[in-house]
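Spelled out, the chains give:
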Amino acid sequence: MISRPSWARALAGTVIAFSLVAPVHAQDWPTRPIEDSVWSSAGGATDLVNRLMAKALEPHLGVKVNVVNRTGGGGAVAMNYVWSQPHNGNYWLGASEGMQTTAVMGFHTTKTKDWRWYMVAGAPGSLAVPVNSPFKTVDDFLAAAKASPGKVNVSHSALGSVWHLKGVALANATGTQLNLIPYEGSAPAMVAAMSGETAAVISSVSEQAEYIKGGRLRSLGLVEMTDQEFPGLGKLSGIGKAYPKLKDIPARQWVGFAVPGDVPADVVTKIDAAFDLAVKDPELKKIADDKLLTIFGTRGDASMKELQEMESALSWTLWDLKVGKVDPATLDIARP
Amino acid sequence: MYFIEFLHQVVATVTPIKMSVLFGGVMLGIIFGALPGLTATLAVALLSTVTFNLPTDVAIIALIGAYVGAVYGGCQSAILIGIPGTSAGAASVRDGHQLAKQGRAGETIANATMGSALGTIFGLTMMLLVMPVMVALALQFTSIEFFLLAVFGVLICGSLTSDDLPAKGWIAGILGLAISTVGIETIQGYSRFTFGVPELAGGIEFVPVILGAFAIPQIIRGLRDSDGRLERSTVLSKVWPDFKFLGRCKMLIARSGLIGVGVGAIPGVGEDVAAWSAYDATKRSAKDPETFGRGNMRGVIAPEVAANACIGGAIVPVLTLAVPGSPPAAMLLGAMWLHGLRPGPMLAIESPEVIPQIAAFLFWSAIAMAICGLAMARLSVLVLRLSPSIVLPMVAMISILGSYSLGLNIFNVYLMFGFGLLAFVLEEMEYPVAPLVIGLILGQMADIGLRRALLSAHGDVFSFFERPLALVFMALILYSLFGRSRIVRHAFGMLFGPLRRKGKASEV
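The structure displayed is predicted, hence computed values, not measured ones.

Regarding the overall build of chain B
Reasoning step 1: Across its full length, chain B carries 20 helices and two strands.
Reasoning step 2: Looking at chain B residue by residue over its 508 residues, the buried ones come to 59%.
Reasoning step 3: Look at the contacts in chain B between residues 6 or more apart in sequence, and 78% of them connect residues 24 or more apart.

In structure tokens, the structure reads:
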């Protein structure tokens, strides 16, 4: 016979139900799979590196790391999702340098200091021209830009992206006026340079490598402070050596992941330990070399310091360009 | 230059894994195609998430198989129950169902199957021939050409899909263009029509819109007309193609194939338009146009050949320009991105093996489709006996899953329902939905293309008239806008009429 559920029964049921989902003690963490929500779509560098890291982390964490793409809103969809889940270390954000501008762009209310950042890898930016371009050196290019201010077109990926800011930094440091034109991503930006719509493109060496090897693009130099050597491309010189003001906007491409800043300390210790081992994974290294990505393996205070500097510089630059939507002053982001 | 590599790939594709995946994909495609409400787009969309963990070439072969199978599968239900399984099969209903009622269902299905297989092979042959030219042409495309191309795609789709007035198609297309402006735009980062809703910041995803626009009206209509007494023909007779008859249709097959490839290559216009255009052309050139609609076998073969030839055509812009030629091709493009392939002008340089490989996949899909199609004809009769009250809830379920699975975002499910209702209302007023979807897909290209073109030309509009490709598109746009107008035709007659007569006179 089925009896009517009474108050007592309901209460007992609730108690049992709660005891089943009661928070697991942090020293047992992780007890269930981790979900890593990548903010950008599958196929890009952020997605690729997160999937490789997930595989590399699994043996050290002892649980599966599931990578899912939660795209949209310039990262807002993934950030909203991860932020609204329990801050217990089970929900990660597949992140990149784009997260340092989400506050000033008004995409999300959290800032760099609210998260804990794990920087896995990145690639330097390069200024490239089509192979048949009259510009043979950076000086040719800059001379043309000085001769006709605002008339030399330079393509780059989305507005507010690291390559857009590299373009702004280049123009500021060299005292030129470049006509910076945003595209949906680096691929169409590079195609624009090849079709002659723009005179040059700024994107990562990693993205340009195939076109340079395929004889379509030619790199004039790195939009960075130092030279760097790449297999198959040779040594590329840093434009910042001749124009030191380039470092005023410390934008750097990086990909990796993040967890909310208030995740329990003993969980963080475990993630840190697994991270330090995983970035040495040979499979990760092999693919990173193949894609000309440099492995950073930066976390904790080191990444926080660098990324907060970056957030401050990028936020104010975007605000001054009237691209930013939220006044960095109201966000308590100090002007660099 | 692609042919040798193509033949090499045809042989290389024959591995147990690839063949079983291919047959699986084709069969799933045929089932999706045959079931009303489940489209080729949906088949490719669902498979692209399922195949995510497979190696790239195995995943792509499954998707191409499903694409070919689904475009073909529509004709089975079209012939047997007179309801096209996909919009591509709609043109086959007219004569195919009549033939089935005359007791020739088996023969009709078999002929249609052979027509589809031949069409697919015709399409891939043309694709291999045209591709090297398209690759060379691809770098001629700058922002202004993309803008004009997008406008042309929306206009031509609008005028071909509306039954009565082309303006109705254009209105739907402009509605789609308007919807595409939602979100943070690329040039200045300004939020348009987002009303502070974070989910809208990234713009309206087109997959839930496609699912909603094509599935929901079907479900609502199914519920409304749920008498369940569909006129069915379950007598099959022999299921074997009449090769002699097909041999006599050589010209018809070639013409329909050309129409299919041509329509497919135009971005955003798909298999349904190809089928109707070929049907129209066949009827016009026939000696006995009055027998069309009463059971003329040519009226089945023409649209089937064109619809499947369209696949080869639609893949050309996907691979060379990363611009989809039809809605299922748009899904295919997305799936390729998902697998790290970068279709576009650089594909032939970056991954030269991909183009002949896809042609080889298409070739085997055509073979697999012919085998499965003939074998499954009897089975599909059984499946189609299921009442709509069982099929339609399944359609609803799959649409919800399909919308959610892209981006794992529940908001997309709401979008799907919203756009489903909008599409239903539009269709009730006899506005075509296809231009709306195409407008949404191409809207970004039109908007950003124009503004970026002006930006890089430093605001100089006249420089666009110096670009030959841009002029060609402008002429095409003007023609699609005014080509039907009597005044323009008359003016053309006035202008060129005397010239032509003069020309003839001087020859004499």
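Quick word on the overall build of chain A
Reasoning step 1: Per the secondary structure count, chain A includes 10 helices and 13 strands.
Reasoning step 2: Principal-axis analysis of the C-alpha atoms places the extent of chain A at approximately 90 × 45 × 40 Å.
Reasoning step 3: Here chain A holds 336 residues, and 52% of them are scored as buried.
Reasoning step 4: Counting contacts in chain A only where the partners sit at least 6 residues apart, residues at least 24 apart contribute 74% of the total.

Quick look at the nonpolar core
Reasoning step 1: Judged by nonpolar contacts, the single largest core of 264 residues is most densely connected at B:Val44, B:Leu63, B:Tyr67 and B:Val437.
Reasoning step 2: Examining the composition of this core, we find that 19 residues originate from one element, helix H5 (residues 90-138) of chain B, more than from any other.
Reasoning step 3: Looking at which domains feed residues into this core, each of domain 1 (32-122 + 253-331) and domain 2 (125-248) of chain A supplies at least three.
Reasoning step 4: Sequence-distant contacts of B:Tyr67, defined by excluding residues within four places in its chain, comprise B:Gly29, B:Ala40, B:Val44, B:Ile311, B:Pro328 and B:Leu332.

Looking at the sheet that holds strand E4 (residues 115-122) of chain A
Residues and elements named next belong to chain A.
Reasoning step 1: In spatial order, the strands read E2-E1-E3-E12-E4-E13; together these six strands make up an open sheet with mixed pairing. Here the strands that pair on one side only, and so sit at the sheet edges, are strand E2 (65-69) and strand E13 (294-299). Here the strands of the sheet are splayed against their neighbours by 25° on average, with no regard to which way each runs.
Reasoning step 2: Across four bridges, strand E1 (residues 34-38) lies against strand E3 (residues 91-96) in parallel orientation.

Overview of the domain arrangement of chain A
Where the parts come together, the accessible area they lose is often given as the size of the interface.
Residue and element names in this part refer to chain A.
Reasoning step 1: Taken domain by domain, chain A holds domain 1 (32-122 + 253-331) and domain 2 (125-248).
Reasoning step 2: The C-alpha-based centres of domain 1 and domain 2 are spaced at 26 Å.
Reasoning step 3: The biggest single contributor to the side of domain 1 that touches domain 2 is helix H10 (residues 300-320), with three residues.
Reasoning step 4: Of the residues that constitute the side of domain 1 that touches domain 2, the class distribution is eight nonpolar, four polar and two charged.

Let's talk about the environment of B:Gln140
All names here are of chain B.
Reasoning step 1: Mapped onto the elements, Gln-140 comes out in the loop between H5 and helix H6 (143-161).
Reasoning step 2: For Gln-140, a count of 14 C-beta atoms within 10 Å puts it in the partly exposed group.
Reasoning step 3: Between the C-alpha atom of Gln-140 and that of Phe-292, which follows or precedes it by 152 residues, the distance is 43 Å.

Quick look at the sheet that holds strand E5 (residues 125-130) of chain A
Residues and elements named next belong to chain A.
Reasoning step 1: Ordered by their spatial adjacency, five strands build an open sheet running E7-E6-E8-E5-E9, and the pairing between neighbours is mixed. On the outer flanks of this sheet lie strand E7 (179-182) and strand E9 (217-222), each paired with one strand and no other. Direction aside, neighbouring strands of the sheet carry axes that sit 30° apart on average.
Reasoning step 2: By the bridge criterion, four bridges tie strand E6 (residues 153-156) to E7 in an arrangement that is parallel. Each residue of the ladder has a partner; that of Val-154, found in E7, is Leu-180.

Observations regarding the packing of helix H7 (residues 166-180) of chain B against helix H18 (residues 434-456) of chain B
Residues and elements named next belong to chain B.
Reasoning step 1: At their nearest, the axes of H7 and H18 sit 7 Å apart, and the two run at 45° to each other. The angle between H7 and H18 falls in the class oblique. Between H7 and H18 the crossing geometry is right-handed. Counted together, Gly-169, Ala-172, Gly-173, Ile-174, Leu-175, Gly-176, Leu-177, Ile-179 and Ser-180 of H7 and Pro-435, Leu-436, Val-437, Ile-438, Gly-439, Leu-440, Gly-443, Gln-444 and Ala-446 of H18 form the full contact between these two elements.
Reasoning step 2: Here the residues of the contact of H7 with H18 are counted per class, giving 11 nonpolar, seven polar and no charged.

Details of the environment of A:Ala274
Residue and element names in this part refer to chain A.
Reasoning step 1: Structurally, Ala-274 can be placed in helix H8 (residues 265-278).
Reasoning step 2: With 216 residues separating them along the chain, Ala-274 and Glu-58 place their C-alpha atoms 8.6 Å apart.
Reasoning step 3: Ignoring sequence-local partners within four residues, the contact set of Ala-274 consists of Leu-57, His-60 and Leu-61.

A look at helix H2 (residues 16-34) of chain B
Reasoning step 1: Between its first and last C-alpha atoms H2(B) spans 27 Å; for 19 residues at 1.5 Å apiece the expected length is 27 Å, and the two agree.
Reasoning step 2: With respect to burial, H2(B) is a largely interior element, 14 of its 19 residues being buried.

Some details on the pairing of E5(A)
Residue and element names in this part refer to chain A.
Reasoning step 1: Taking burial as the measure, the six residues of E5 include six buried ones, the bulk of the element.
Reasoning step 2: As paired strands, E5 and strand E8 (residues 200-204) are joined by four bridges and run antiparallel to one another. Residue pairing for E8: Leu-127 is matched across the bridge by Ile-202.

Digging into unusual backbone geometry
Residues and elements named next belong to chain A.
Reasoning step 1: The step from Trp-29 to Pro-30 runs through a cis peptide bond, and the omega angle for that step is -5°.
Reasoning step 2: Mapped onto the elements of the fold, Pro-30 is located in the loop between helix H1 (7-20) and E1.
Reasoning step 3: For Lys-322, which is not glycine, the phi torsion reads 65° and is therefore positive.
Reasoning step 4: You can see Lys-322 is positioned in the segment after H10.
Reasoning step 5: Residue Lys-322 is classed as exposed on the basis of its 9 C-beta neighbours within 10 Å.
Reasoning step 6: Even without a glycine there, the phi angle at Asp-332 is positive, about 60°.

Some points on the confidence of the model for chain A
Residue and element names in this part refer to chain A.
Reasoning step 1: Across chain A, the average pLDDT comes to 87, with 90% of residues at or above 70.
Reasoning step 2: Per-residue pLDDT stays below 50 along residues 1-5; that stretch engages in one contact with residues further than four places along the chain or on separate chains.
Reasoning step 3: Across residues 15-23, where pLDDT falls below 50, the model places zero contacts with residues more than four positions away in sequence or in other chains.

Some remarks on helix H2 (residues 45-61) of chain A
Residue and element names in this part refer to chain A.
Reasoning step 1: The terminal C-alpha atoms of H2, which comprises 17 residues, lie 23 Å apart, in line with the 24 Å expected from a rise of 1.5 Å per residue.
Reasoning step 2: Its maximal kink placed at Lys-55, H2 deviates by approximately 25°, while the proline Pro-59 follows within four residues.
Reasoning step 3: Burial in H2 covers these residues: Ala-45, Thr-46, Asp-47, Val-49, Asn-50, Leu-52, Met-53, Ala-54, Ala-56, Leu-57 and Leu-61.
Reasoning step 4: At the C-terminal side of H2, Gly-62 shows a positive phi close to 80°.

What counts, and where the lines are drawn
Residues numbered from 1 in each chain as written. Chains lettered and ligands numbered in written order. Predicted model: local features only at pLDDT ≥ 70, side-chain atom pairs only at ≥ 80, totals over all residues. Helix = DSSP H or I, 4+ residues; strand = E, 2+ residues; numbered from the N terminus. Buried ≥ 20, exposed ≤ 12 C-beta atoms within 10 Å, placed from the backbone. Contact = placed C-beta atoms within 7 Å. Core = buried A, V, L, I, M, F, W, Y, C linked by C-beta atoms within 7 Å. Domains from an automatic or database assignment. Pairing = 2+ DSSP bridges. Axes fitted to C-alpha atoms, helices over the stretch in contact; angles between N-to-C directions. Nonpolar A, V, L, I, M, F, W, Y, C, P; charged D, E, K, R; others polar. Parallel < 35°, antiparallel > 145°, perpendicular 65-115°, else oblique. Left-handed = near helix turned anticlockwise from the far one by under 90°. Expected span 1.5 Å × (residues − 1). pLDDT = per-residue confidence, 0-100. Bend = angle between axes of the 7 residues up to and from the residue.

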